[in-house]
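# Commentary on secondary and tertiary structure
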Amino acid sequence: MTPTPSPADAIEQLKAMFAREMKRPVDLTEFRGGEWWQLLDSEAEVFQLELADMPALVAAWDMFEAIADITHNDLHNSPLCIEARSALPYIEQGRTDTLQWEMFARLFGIRGRTARAWFYKFQFSMARGGLDSWNDDDMPMPRAPVMSPVYRPQLSDWPRG
């Protein structure tokens, strides 16, 4: 039986787990695509992320979601995960929050701007895939009147005075 780590040990073990993941050779082209863990060219442009950012972001995000009790991966509810929850009380269970994620990501050397870009990229990928919804999705959006594409304002349309 593996002994339960202390809170300080839990943070160090998470960092060691992350470091091992970062030493594993990866083919960055695997991170190109439309899955939640991949990067589309449009996302790279909008969120200013690079393929080289993806392995670290995905590894840290997997740990974050396990600790936040969002996903059930290998880390979820392990003795390390349970102790990490007490070591990281700012991570609310069952909730993803950009500031909580940024604080967590910084433990692994991920800059705040990059962590925030990943957060919104991930959220929009979930919405795009139909995995996220809001309780007001059926509410009509206010729309401004649209001019007919045939109408072209002319100089003579302006009042003279």
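As a starting point, this report considers the structure included with it. (Residues numbered from 1 in each chain as written. Predicted model: local features only at pLDDT ≥ 70, side-chain atom pairs only at ≥ 80, totals over all residues. Heavy atoms only, no water.)

Turning our eyes to something else, we now look at the overall build of the chain. Helix and strand content of the chain: six helices and zero strands. Listing every helix and strand of the chain by position from the N terminus yields α-α-α-α-α-α. The C-alpha atoms of the chain give 22 Å as radius of gyration, which overshoots the globular expectation for 161 residues (15 Å, by more than 25%). Dimensions of the chain, computed from the C-alpha atoms along their principal axes, are close to 85 × 35 × 30 Å. Within the chain, buried positions represent 35% of all 161 residues. Taken as a whole, the chain presents about 10800 Å² of accessible surface, with 56% of it coming from carbon and sulfur. (Helix = DSSP H or I, 4+ residues; strand = E, 2+ residues; numbered from the N terminus. Rg over C-alpha atoms; globule rule 2.2 N^0.38 Å. Buried < 20%, exposed > 50% of the residue type's maximum accessible area, 1.4 Å probe, protein only. Areas by Shrake-Rupley, 256 points an atom, 1.4 Å probe, with all protein chains shown as cover.)

Turning our attention to the nonpolar core. If you look at the biggest cluster of nonpolar residues, it comprises 38 residues, and the most contacted ones within it are Leu14, Trp101 and Phe104. For this core, the element with the most residues is helix α3 (residues 54–67), which contributes 11 residues. Apart from residues no more than four positions distant in its own chain, Trp101 is found in contact with Leu57, Ala60, Trp61, Phe64, Ala115, Arg116, Trp118 and Phe119. (Core = buried A, V, L, I, M, F, W, Y, C linked by side-chain atoms within 4.5 Å. Contact = heavy atoms within 4.5 Å.)

Now for helix α1 (residues 7–23). Every α-helical turn comprises 3.6 residues, leaving residues that sit three or four positions apart pointing alike. Across its 17 residues, α1 extends 25 Å between first and last C-alpha, which sits within 8% of the 24 Å expected from 1.5 Å per residue. Here α1 has its buried residues at Ala10, Ile11, Leu14 and Phe18. Projection of α1 onto a plane perpendicular to its axis shows the buried side chains occupying an angular sector of 100°, all on one side. Exposed positions of α1 whose direction lies more than 90 degrees from the buried face are Ala8, Arg20 and Lys23. (Expected span 1.5 Å × (residues − 1). Arc of directions from axis to C-beta.)

Locating Glu65 in the fold gives a position in helix α3. Lacking a salt bridge, the buried Glu65 has Arg85 as its closest oppositely charged neighbour, with an N-O distance of 11 Å. (Lys, Arg positive; Asp, Glu negative; His and termini not counted. Salt bridge = Lys/Arg side-chain N within 4 Å of Asp/Glu carboxyl O.)

Further remarks concern the environment of Glu12. Inspection of the secondary structure puts Glu12 in helix α1. Expressed as a C-alpha distance, the spacing of Glu12 and Val146, which sit 134 residues apart in the sequence, is 58 Å.

Another point: the pattern of salt bridges. Applying the stated criterion to the full structure yields 10 salt bridges. The salt bridge involving Asp41 is made with Arg32; its shortest N-O contact spans 2.7 Å. Using a relative accessible area of 55% as the deciding quantity, one classes Asp41 as exposed.

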